[in-house]
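This is what each chain is made of:
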Amino acid sequence: MKPESLKPESRTPESGVIRQASDSRTAVEPFSERGCPECPYLRLFNATVYVRDHEASLKFYVEQLGFNIVADVAYTVDGRWVAIAPPDGSALLALVAPRPGTEKARLIGRATHIGFISEDINGTYDLWRSLGVRFLHPPQQTIFGVTLASFQDIDGNIFELVGSDQFTREMEQQRQIASDRIESERRTAQELEIAKQVQARLFPQCQPSLNTLDYAGLCIQARHVGGDYYDFLALGNERLGLVIGDIAGKGIAAALLMANLQANLRSQFTLAREQPQVFLQSVNRLFYDNTTDSAYATVFFADYDDTAQLLRYANCGHLSAILLRRNGTVELLHSTGTVLGLFEEWHSPIVECQLAAGDTLTLYTDGVTESFNETGEEFGEERLIDTLRQSGDLPAQQLLTSVVERIQSFSSSEQHDDITLIIAKCVAAT
């Protein structure tokens, strides 16, 4: 398209000829500079070309000029509206076929005052001519150092093909910028994929077998990597540690903190069997010492004794766990202490809870209850409890799948936060 940065007096709308600017600056300002960095982003969206028949015109623009179809809207004020774009351009050409006899129909077959910039005008001219494009004249150099060639579409609409050394330098610069951006995005995507694979290995790769507990967990990340965490810790003597956590923040920064928390938990978990409070205090101190002042994590830690069917837990500022008893009643295991990593000292009681066959414990992060539908309504705790009740007879893994399917069905749009769950069902000893 014609460069928008030209001064108003630097071209005539009748001929499209580009004149020398009246001062010592070049007529074309660098594309990468914006005169008003704080202003809202603005760019040319489209220029309208009136045609007689969309299909015939599209054959010309797509097959002969090599343009791409960007949008095809059936119903507008003027009827069908088709947007096309040059293969290396960002502005759109809108093809409109007005009704015969209307004022707009009389605009067909006139000069459009639309120009296309080519880095090699002679090469483009030769290519398009070989494809049957009708030029009114070959490329001609003006006294201002700009080369012009005029051509027509099948309806007689006249366009200009423009080239100049200044344009070529600017286009090559933009091409290099675009190439560098694509390469940077490719490297970033590759690095994120590697990070995703690495983080996947931080989640439990096996589950210690227990006689009276059927359990399962999963994390569905909203991005390549995230800050949600769950784990199963084999504490020995028929004891299992259930851990779920949520790091403050999102993305790479949260993923790094999650890896830090996981390392702290796994390096200290031998304390958990006999001294769970000391274990969490140690994890808190390590997390506090090795992270920034604003870094913290909510964590729910539970120690399950397979022989006694006894649960000991500490809720470190996390969402209340849901304990659905076999008779249908619900107990919420509320927070017992502050989050980990925010304060140098951490204190919390360790609470005991007796389980029985048929009881179901559910640990989750806010990505579960705060998933929302198209109206902004959240999934919420009540829907989660309702789903647990409805599918309560299922084994833990199937119940987990049922809950996730209900969440995804409720919020069918893009996932905005990590969805992390642990479901543990107490079963009769065999």
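Remember, it's a predicted structure, so these values are computed and weren't measured experimentally.

### Notes on the overall build of the chain
(1) Moving on: Broken down by element type, the chain carries eight helices and 19 strands.
(2) Moving on: Taking all 430 residues of the chain together, the buried fraction comes to 45%.
(3) Moving on: Sequence separation of at least 24 residues holds for 63% of the intrachain contacts in the chain that already meet a minimum separation of 6.
(4) Moving on: When the accessible surface of the chain is totalled, it reaches about 22,100 Å², and 51% of it is carbon and sulfur.

### A word on the side chain of Thr124
(1) Moving on: Positionally, Thr124 belongs in helix α2 (residues 121-130).
(2) Moving on: The exposure class of Thr124 is buried, given its relative accessible area of 17%.
(3) Moving on: Not counting residues up to four positions away in its chain, the partners in contact with Thr124 are Ser118 and Leu161.

### Examining the sheet that holds strand β11 (residues 228-234)
(1) Moving on: If you walk across this open sheet you meet the five strands as β11-β12-β13-β14-β17, and the pairing is antiparallel. Two strands close off the open sheet at either side, each with one partner strand: β11 and β17 (351-354). Across the sheet, the mean angle from the axis of one strand to that of its neighbour is 20°, orientation sign disregarded.
(2) Moving on: Here strand β12 (residues 239-247) runs beside strand β13 (residues 297-305); their pairing, made up of nine bridges, is antiparallel. Note on β13: the bridge partner recorded for Ile247 is Ala297.
(3) Moving on: Set on the sheet, helix α4 (residues 251-268) makes contact with β11, β12 and β13; between it and β11 the angle comes to about 15°.
(4) Moving on: Against the sheet, helix α5 (residues 276-290) engages β12, β13 and β14 (310-316), with an angle of about 155° to β13.

### Re the environment of Asn284
(1) Moving on: In this structure, Asn284 sits in helix α5.
(2) Moving on: On a C-alpha basis, the gap between Asn284 and Leu265 in space is 9.4 Å, while along the polypeptide they are 19 residues apart.
(3) Moving on: Discounting residues that sit within four places of it in the chain, Asn284 has contacts with Val339, Leu340, Gly341, Leu342, Phe343, Glu344, Glu345 and Trp346.
(4) Moving on: Within polar-contact distance, the side chain of Asn284 engages the backbone oxygen of Glu344 at 3.3 Å.

### A word on α5
(1) Moving on: Taking 1.5 Å of rise per residue, the 15 residues of α5 would be expected to cover 21 Å, and the 21 Å separating its terminal C-alpha atoms lies within 8% of that figure.
(2) Moving on: Residues Pro276, Phe279, Leu280, Ser282, Val283, Asn284 and Phe287 constitute the buried set of α5.
(3) Moving on: Of the surrounding elements, those touching the buried residues of α5 are β12, α4, β13 and β14.

### Here's the deal with the sheet that holds strand β2 (residues 68-73)
(1) Moving on: A sheet is described by the order of its strands in space; here four strands give the open sequence β1-β4-β3-β2, paired in mixed fashion. Both outer strands of the open sheet, β1 (46-50) and β2, are each paired with one neighbouring strand and no more. Adjacent strand axes in the sheet meet at a mean angle of 25°, parallel and antiparallel pairs treated alike.
(2) Moving on: For strand β3 (residues 81-85) and strand β4 (residues 92-96), the ladder comprises four bridges, and the chain directions are antiparallel. Bridged to Ala83 within β4 is Ala94.
(3) Moving on: Across the sheet, helix α1 (residues 54-64) is in contact with β1, β2, β3 and β4; its angle to β4 comes to roughly 155°.

### Observations concerning the packing of helix α7 (residues 380-390) against helix α8 (residues 396-410)
(1) Moving on: Relative orientation of the contacting elements α7 and α8 amounts to 135°, with a least axis distance of 10 Å. When the axes of α7 and α8 are compared, the pair comes out oblique. Remark: the crossing between α7 and α8 carries right-handed chirality. On the side of α7, the interface is formed by Arg383, Leu384, Asp386, Thr387, Leu388 and Gln390, while α8 contributes Leu399, Ser402, Val403, Arg406 and Phe410.
(2) Moving on: A class-by-class count of the residues in the contact of α7 with α8 yields five nonpolar, three polar and three charged.

### Brief notes about α2
(1) Moving on: Here α2 has its buried residues at Ile121, Thr124, Tyr125 and Trp128. Buried positions in α2, seen along its axis, are confined to an arc of 100° and lie on one side of it.
(2) Moving on: Elements in contact with the buried residues of α2: α1, β6 (134-135), β8 (147-152) and β9 (158-163).
(3) Moving on: Trailing α2 by a residue or two, Gly132 shows a phi angle of about 95°, which is positive.

### A few points about unusual backbone geometry
It is generally the case that most residues other than glycine have a negative phi and that most peptide bonds are trans.
(1) Moving on: Even without being glycine, His113 reaches a positive phi, approximately 60°.
(2) Moving on: Within the element layout of this structure, His113 appears in strand β5 (residues 111-117).

### Some details on the pattern of salt bridges
(1) Moving on: Taken as a whole and assessed by the stated rule, the structure comprises 14 salt bridges.
(2) Moving on: Salt-bridge contacts for Glu345 lead to Arg285; the nearest nitrogen and oxygen are separated by 2.6 Å. With Glu345 in the loop between β16 (330-333) and β17 and Arg285 in helix α5, this residue pair connects regions lying 60 residues apart in the sequence.
(3) Moving on: Note on Glu345: relative accessible area 48%, which makes it partly exposed.
(4) Moving on: The class for Arg285 is partly exposed, based on a relative accessible area of 30%.
(5) Moving on: Residues participating in the shared-partner salt-bridge network are Glu55, Asp72 and Arg80.

### Re the packing of aromatic side chains
Two numbers describe a pair of aromatic rings. These are the distance of the centres and the angle of the planes.
(1) Moving on: Following the criterion strictly, the structure yields 15 aromatic pairs and no others.
(2) Moving on: Arranged with centres 5.5 Å apart and planes meeting at 20°, the rings of Phe151 and Phe159 form a pair that is stacked. For the pair Phe151 and Phe159, a shared accessibility class is recorded, and that class is buried.
(3) Moving on: The rings of Phe60, Tyr61, Phe67, Phe116, Tyr125, Trp128, Phe135, Phe151 and Phe159 are connected pair by pair, giving a single aromatic cluster.

Cut-offs used in this document
- Throughout this description, residue numbers start from 1 for each chain and increase along the sequence as written.
- This being a predicted model, a pLDDT of at least 70 is required before a residue's local features are given, and a value of 80 or more before pairs of side-chain atoms are given or counted; all residues contribute to the totals for chains, interfaces and linings.
- Excluded from the side-chain calculation are hydrogens and water; included are all heavy atoms of the structure.
- In this text, helices come from DSSP runs of H or I with a minimum length of four residues, and strands from runs of E with a minimum of two, each type numbered from the N-terminal end.
- Whether a residue is buried, partly exposed or exposed follows from its accessible area with a 1.4 Å probe, protein chains only, as a fraction of its type maximum: under 20%, in between, or over 50%, in that order.
- The criterion used for residue contact is that any of the two residues' heavy atoms lie within 4.5 Å.
- The Shrake-Rupley method, run with a 1.4 Å probe sphere, supplies the accessible areas, and residue values consider only the shown protein chains as cover.
- Any two strands between which DSSP finds at least two bridges are classified as paired.
- Fitting a line to C-alpha atoms yields each axis, with helices limited to the stretch in contact; the angle taken between N-to-C directions then spans 0 to 180 degrees.
- Under the rule applied, a polar contact is a pair of N or O atoms within 3.5 Å (in protein, one hydrogen donor and one hydrogen acceptor; residues adjacent in sequence only if both atoms are side-chain atoms).
- To estimate the expected span of a helix, count its residues, drop one, and scale the result by 1.5 Å.
- Orientation is classified from the angle alone, with under 35 degrees giving roughly parallel, over 145 giving roughly antiparallel, 65 to 115 giving roughly perpendicular, and any other angle giving oblique.
- Handedness of a crossing follows from how the near helix is turned relative to the far one, being left-handed for an anticlockwise turn of less than a right angle and right-handed for a clockwise one.
- Following the grouping adopted for this structure description, the nonpolar residues are Ala, Val, Leu, Ile, Met, Phe, Trp, Tyr, Cys and Pro, the charged ones are Asp, Glu, Lys and Arg, and the polar ones are all others, Gly among them.
- The arc refers to the directions leading from the helix axis to the C-beta atoms.
- Take a side-chain nitrogen of Lys or Arg and a carboxyl oxygen of Asp or Glu: if they are within 4 Å of each other, that pair is a salt bridge.
- Aromatic contacts are taken between Phe, Tyr and Trp rings whose centres are within 6.5 Å, Trp giving its six-membered ring; a plane angle under 30 degrees counts as stacked, one over 60 as edge-to-face, and the others as tilted.

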